[in-house]
Amino acid sequence: MKRRNFIKRASLTGLGLAVAPSIISCETETEKDKKAIATVTPVFPIVVATWNFKNATKAAWEVLEKGGASIDAIEAGCRVEEADLKNTTVGNGGSPDRDGNVTLDACIMNKDGGYGAVVCMENIAHPISVARKVMEETPHVLLAGKGAEQFAVEQGFKRENLLTEASKKAWLKWKEKSEYKPIINIENHDTIGMLAIDKNGDISGGCTTSGMAYKMAGRVGDSAIIGSGLFIDNSVGGATATGMGEEVLKTVGSFLIVELMRQGRTPQEACEEGVRRIVESNPNYTNFQVGYVALNKQGEYGCYCVHGGFGISKYQEGKQTYIKSNSYIKKA
Ligand code: GLY
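Analysis parameters
Residues numbered from 1 in each chain as written. Predicted model: local features only at pLDDT ≥ 70, side-chain atom pairs only at ≥ 80, totals over all residues. Heavy atoms only, no water. Helix = DSSP H or I, 4+ residues; strand = E, 2+ residues; numbered from the N terminus. Buried < 20%, exposed > 50% of the residue type's maximum accessible area, 1.4 Å probe, protein only. Contact = heavy atoms within 4.5 Å. Areas by Shrake-Rupley, 256 points an atom, 1.4 Å probe, with all protein chains shown as cover. Near = heavy atom within 4 Å. Polar contact = N/O pair within 3.5 Å; in protein donor to acceptor, adjacent residues only side chain to side chain. Nonpolar A, V, L, I, M, F, W, Y, C, P; charged D, E, K, R; others polar. Core = buried A, V, L, I, M, F, W, Y, C linked by side-chain atoms within 4.5 Å. Salt bridge = Lys/Arg side-chain N within 4 Å of Asp/Glu carboxyl O. Phe/Tyr/Trp six-rings, centres within 6.5 Å; stacked < 30°, edge-to-face > 60°. Pairing = 2+ DSSP bridges. Axes fitted to C-alpha atoms, helices over the stretch in contact; angles between N-to-C directions.

Asks: Is there a simple way to think about the overall build of the chain in this case?
Replies: Across its full length, the chain holds nine helices and 13 strands. Looking at the chain as a whole, 59% of its 332 residues qualify as buried. Considering only contacts in the chain between residues 6 or more positions apart, those separated by 24 or more positions represent 64%. In the structure as shown, the chain presents an accessible area of about 14600 Å², 52% of it carried by carbon and sulfur atoms.

Following this line, the structure appears as structure tokens:
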């Protein structure tokens with residue numbers, strides 16, 4: 001009797017090869033199958049990120065194309081947005097909380113399941129790099145507030161004022177009414193979540209944000225919380241989120257998406273299910289945005305969001321592309 005041997009996507013991981021969708025489940029060990037596997041196009045390295053953060057994906061690509069590790073690409077890419085003073089949703093220049101303090105959240109995950117994060121950290125411009133130091137230099141995974149800031153200074157990061165004049169002006173204007181209404185697709189960007197696979201086929205991810213503008217003091221969103229704003233499993237792939245962090249936290253969105261991919265869903269199917277869980281559990285979904293991007297170990301990616309207007313940037317084979325995401329609520 002002919003032996004049936006089902007190939008699952010994950011079993012091709014070690015080959016570092018793109019897998020045609022048709023090779024999800026098939027008979028193996030025929031000459032035809034061997035040839036098909038041998039001739040599929042390698043797609044690594046690749047980097048994807050939430051929104052049209054093209055300078056960030058370019059910086060990550062520059063690391064990857066030189067043969068650099070995915071974790072270094074992630075840190076380099078995320079730092080670009082953290083340094084951009086015009087970006088009011090990430091890093092230096094981020095919008096403050098309602099008391100006028102800029103507090104930052106970030107996390108990073110590597111191919112070995114390592115995780116490091118900082119939350120509610122003030123006065124340090126590069127939380128993604130501090131998160132990496134937490135992962136690599138401490139016995140812990142998450143440092144908060146003053147402790148995170150103190151650790152950063154001990155590691156050589158310099159204290160600086162992160163509230164720009166423009167952000168201060170906008171905050172003072174907001175204070176006139178003090179209405180807390182998060183804006184959907186704020187300036188068409190928000191948190192940067194980034195996923196990268198290097199030439200060795202190893203995946204890492206990062207996520208960094210100043211959180212919701214004018215949040216309550218001490219509020220922490222999804223971005224730095226493992227499994228919510230980001231999750232990486234080097235045997236499956238990764239996922240990351242942007243938008244209303246409370247909703248992502250309640251559904252542990254990125255972990256859910258990676259687990260769905262582990263069970264055989266494509267990144268696209270998994271992102272759609274992640275959004276569906278949110279909208280089905282919250283009738284208020286018309287009032288907030290959540291967007292996901294996922295990347296599996298074969299270099300297949302997907303994205304999905306609640307409202308239209310979200311998209312992802314991708315760098316692969318030396319070419320940058322912006323991909324508009326489909327949405328649960330179709331844009332009028
Ligand atoms: N997704 C960013 C936040 O909610 O803080």
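Asks: Mind showing me how you'd approach the site of the ligand here?
Replies: All residues adjacent to the ligand are Thr 191, Gly 211, Met 212, Arg 219, Gly 221, Asp 222, Ser 223, Gly 243 and Gly 245. Side-chain polar atom of Asp 222 to a nitrogen atom of the ligand: 2.7 Å apart, as the coordinates give it. Between the ligand and Gly 245 there is a distance of 2.9 Å, counted from an oxygen atom to a backbone nitrogen or oxygen. In the shell around the ligand, the residues fall into one nonpolar, six polar and two charged.

Asks: Would you mind going over the nonpolar core with me for this structure?
Replies: Soluble globular proteins tend to pack their nonpolar side chains together in the buried interior. Counting residues in each nonpolar core, the largest one holds 68 residues, and the members touching the most others are Val 47, Met 194, Val 290 and Tyr 292. Excluding its chain neighbours within four sequence positions, the residues that come into contact with Val 47 are Thr 57, Ala 60, Trp 61, Leu 64, Met 194, Leu 195, Ala 196, Ser 313, Lys 314 and Tyr 315. Of all hydrophobic cores here, the second largest spans 11 residues; its members include Val 130, Leu 143, Phe 151 and Ala 152.

Asks: I keep staring at the pattern of salt bridges and nothing clicks. Help me out?
Replies: Oppositely charged side chains can form a pair if their charged atoms are brought close together. Across all of its chains, the model carries 16 salt bridges by this definition. Ionic pairing is found between Asp 112 and Lys 111, a salt bridge with its closest N-O pair at 3.3 Å. The exposed category is assigned to Asp 112, whose relative accessible area is 61%. When its relative accessible area of 36% is taken as the criterion, Lys 111 is described as partly exposed.

Asks: Would you explain the packing of aromatic side chains in this entry?
Replies: What characterises a pair of aromatic rings is the spacing of the ring centres plus the angle enclosed by the ring planes. Summed over all chains, the structure comprises five aromatic pairs. Taking 4.8 Å as the distance between ring centres and 20° as the angle between the ring planes, the aromatic pair formed by Trp 174 and Tyr 214 counts as stacked. One end of the pair, Trp 174, is in helix α6 (residues 165-177); the other, Tyr 214, is in the loop between β6 (203-209) and β7 (230-233), with 40 residues separating them in the sequence. Measuring from centroid to centroid gives 5.5 Å for Tyr 285 and Tyr 328, while their planes differ by 90°, and the two rings are edge-to-face. Placement of the pair is Tyr 285 in the loop between α9 (267-281) and β9 (290-296) and Tyr 328 in strand β13 (residues 326-329), with a sequence separation of 43 residues. Since its relative accessible area comes to 21%, Tyr 285 is described here as partly exposed.

Asks: Sorry if this is basic, but what is going on with the pairing of β9 here?
Replies: Regular strands place side chains that alternate from one sheet face to the opposite one. The buried fraction of β9 is high, at seven of seven residues. Because side chains alternate across β9, one face comprises the buried residues Val 290, Tyr 292, Ala 294 and Asn 296, and the other comprises Gly 291, Val 293 and Leu 295, equally buried. As judged from the seven bridges shared by strand β8 (residues 237-243) and β9, these two strands associate in the antiparallel manner. Counterpart to Gly 238 in the pairing with β9 is Leu 295. The pairing of β9 with strand β10 (residues 301-307) spans five bridges and is antiparallel. When the bridges of β10 are listed, Gly 291 appears paired with Cys 305. From the end of β9 to the start of β10, which pair antiparallel, there are four residues, and Gly 299 there has a positive phi angle of about 85°.

Asks: Where do I start with the pairing of strand β11 (residues 311-316) in this structure?
Replies: Most of β11 is tucked away, with six of its six residues classed as buried. Burial along β11 is two-sided: the residues Gly 311, Ser 313 and Tyr 315 and Ile 312, Lys 314 and Gln 316 are all buried. Where strand β1 (residues 46-50) meets β11, five bridges bridge the pair, whose relative direction is antiparallel. Looking at β11, one finds that Val 47 is bridged to Tyr 315. Note that β11 and strand β12 (residues 319-324) share six bridges and pair antiparallel. Paired with Gly 311 across the two strands is Lys 324, which belongs to β12. Linking two consecutive strands that pair antiparallel, namely β11 and β12, is a turn of two residues; a positive phi of about 50° is found at Glu 317 within it.

Asks: Before we go on, may I ask you to explain the sheet that holds strand β2 (residues 104-109) in this structure?
Replies: Adjacent strands of a sheet form backbone hydrogen bonds with each other and so pair up, either parallel or antiparallel. If you walk across this open sheet you meet the eight strands as β4-β3-β2-β6-β5-β1-β11-β12, and the pairing is mixed. The outermost strands of the open sheet, each flanked by one partner alone, are β4 (142-144) and β12. Strand-to-strand, the axes of this sheet are offset by a mean angle of 10°, without reference to chain direction. Here five bridges tie β2 to β6, and the two strands are oriented antiparallel to one another. Among the inter-strand pairings, Asp 105 is bridged to a residue of β6, identified as Thr 209. Running at roughly 160° to β1, helix α2 (residues 54-65) makes contact with β1, β5 (192-197), β11 and β12 of the sheet.

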